[in-house]
Amino acid sequence: MGESNRSRWLFVPEVTWGVTPATPTMETLLRTGGNLSGNRNTTVSKAVQSDRMRRKLYSTGKDGKGSIEAELAYGQLDTIIEHLMASSWSSAITGTVAVTFDTTADTINRAAGSFVSDGWLAGMHLYVGPEAADAANEGYCRITAVTATDLSVDKNLTTNAVPATVTLRNDGMIRNGTTAKSLSIEQGHLDQSHFYLFAGMRAGQGSLSMSSNGLVTFNADFMGLYPTYAATTAASVITAVNTNDAYNTGADIDAIFEGGATCTETLTAFDLTFTNNLRNRPQLRSEAPSGIAYGVQDVTGSLSYYMGSSHTLANKVLNFAESSAYVRLQNLSSAGLDKTLIVTLPQFKYSGGVPPEAGQLDGDVTMKMPFTAYSGGAAQQLQFDRITPAA
């Protein structure tokens with residue numbers, strides 16, 4: 001009898017859609033739930049028979065679908081995020097640079113080398129330090145503009161008279177893109193030696209949820225090809241999942257910025273969904289789809305908080321005003337490195353939640369404000385940054 005605790009999910013990116021790489025190195029997927037399934041389209045014959053029985057059942061199409069449910073931990077879902085974003089993580093940028101800081105313009109300035117050549121972009125997050133040479137400016141900030149010699153940031157900097165050699169770091173950024181990607185995902189039942197391989201799986205929808213008194217959760221849905229069965233795993237090499245802890249909503253939400261400033265409301269939840277609106281491409285001469293196509297990417301979510309005396313956020317609903325936000329998740333590993341993941345929405349608008357429900361006896365009045373993100377002519381509508389600064 002098979003036990004769920006003996007199941008294992010593995011995945012590997014494909015080079016060609018629907019083709020599992022030969023002798024693949026597959027990555028372990030740590031999950032809390034979800035399911036993969038083969039779906040078959042059937043058609044019952046409508047032929048009339050005098051015995052009143054059905055003549056035949058035909059198989060007219062088949063594909064694979066499924067979902068994963070997981071706790072979000074640094075580095076464990078980076079490949080899944082790539083596929084949901086139809087893009088790739090940028091290369092890490094790290095190194096020591098001699099810079100000065102300008103408190104008036106809030107800029108980081110250099111006399112030699114180029115920030116542009118290093119790969120810094122407007123909208124990226126970075127970590128300054130930690131350096132004893134300039135502890136006052138150590139910490140996280142977001143770049144608002146880039147030139148070869150200057151980084152403008154969203155942090156109130158402290159001017160230094162003498163250039164300090166500091167570390168500037170970003171371990172990879174990803175923005176929504178247009179690159180089609182697919183995975184082969186294997187569901188294995190190790191106690192019974194049954195292995196189901198789903199090829200051509202494109203990531204359709206991702207969701208990120210942060211609620212009080214819990215862990216940050218991450219879900220993803222997939223569409224692809226009908227599974228194949230084997231008595232042994234398809235993996236030649238298996239990469240174990242890293243040991244990073246899941247982000248805790250009580251301890252690991254380091255900062256929430258809304259509209260360019262620290263959010264001062266008492267938040268209860270932040271939810272985000274991004275959808276690729278995938279569609280099957282059925283074809284003649286095959287039960288399998290000819291491919292899985294991408295639609296427009298929709299990014300929606302909601303921000304929930306206890307109603308207070310401030311009406312700043314509610315006014316954005318009433319005035320249909322544009323806003324922006326980012327959430328910085330951070331936990332500390334035993335090796336002494338901050339494991340930081342930052343989720344950024346460069347521009348969005350709230351679409352409801354004002355006035356709130358009045359509530360019942362002995363309750364709290366909470367605001368739940370749904371929002372929709374968009375590009376607005378910008379380079380992205382959703383962005384993730386990862387940073388592991390040395391302690």
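Residues numbered from 1 in each chain as written. Predicted model: local features only at pLDDT ≥ 70, side-chain atom pairs only at ≥ 80, totals over all residues. Heavy atoms only, no water.

**Q** Is there a simple way to explain the overall build of the protein chain in this structure?
**A** Per the secondary structure count, the protein chain includes three helices and 26 strands. Looking at the 391 residues of the protein chain, the share that counts as buried comes to 46%. In the protein chain, once contacts between residues fewer than 6 apart in sequence are set aside, the share between residues at least 24 apart is 72%. Side-chain charges in the protein chain split into 27 positive and 35 negative, and the spacing between the mean points of these groups amounts to 16 Å. (Helix = DSSP H or I, 4+ residues; strand = E, 2+ residues; numbered from the N terminus. Buried < 20%, exposed > 50% of the residue type's maximum accessible area, 1.4 Å probe, protein only. Contact = heavy atoms within 4.5 Å. Lys, Arg positive; Asp, Glu negative; His and termini not counted. Charge placed at Lys NZ, Arg CZ, Asp CG, Glu CD.)

**Q** Hey, could you run me through the pattern of salt bridges in this one?
**A** Two side chains that carry opposite charge are able to pair once their charged atoms sit near each other. Under the definition given, this model contains six salt bridges. The salt bridge involving Arg40 is made with Glu287; its shortest N-O contact spans 3.7 Å. Taken as a pair, Arg40 in strand S3 (residues 33-44) and Glu287 in the loop between strand S20 (279-280) and strand S21 (292-293) lie far apart in primary sequence, 247 residues in all. Using a relative accessible area of 39% as the deciding quantity, one classes Arg40 as partly exposed. (Salt bridge = Lys/Arg side-chain N within 4 Å of Asp/Glu carboxyl O.)

**Q** For this particular structure, what's the right way to read empty space enclosed by the protein?
**A** A probe as big as a water molecule, rolled over the atoms, marks out the empty space that is left. One pass over the full model with this rule turns up one cavity of 30 Å³ or more. Volume-wise, the largest cavity comes out at about 60 Å³. In this structure, the largest cavity is lined by Ile256, Glu258, Phe270, Leu303, Ala325, Val327, Leu345, Phe348, Tyr350 and Phe371. If you list the elements that add at least two residues to the lining of the largest cavity, you get strand S17 (253-258), strand S23 (322-332) and strand S24 (338-350). The leading source of residues in the lining of the largest cavity is S24, at three residues. Its residues placed into classes, the lining of the largest cavity shows nine nonpolar, no polar and one charged. (1 Å grid on protein atoms, 1.4 Å probe; cavity = no way out; pocket = protein on both sides within 12 Å on 5 of 7 lines; lining within 4 Å. Points joined across faces, edges and corners; volume = space filled by probe spheres on them. Nonpolar A, V, L, I, M, F, W, Y, C, P; charged D, E, K, R; others polar.)

**Q** Before we go on, may I ask you to explain the sheet that holds strand S6 (residues 107-110) in this structure?
**A** Within a sheet, adjacent strands bond to each other through the backbone by hydrogen bonds, running parallel or antiparallel. Here we have six strands rolled up into a closed barrel, ordered S5-S6-S9-S8-S7-S10, and antiparallel in their pairing. This sheet shows a mean twist of 50° between the axes of neighbouring strands, independent of strand direction. Bridging between strand S7 (residues 125-128) and strand S8 (residues 139-146) involves four bridges; their strand directions are antiparallel. Note that in S8 the partner of Leu126 across the bridge is Cys141. (Pairing = 2+ DSSP bridges. Axes fitted to C-alpha atoms, helices over the stretch in contact; angles between N-to-C directions.)

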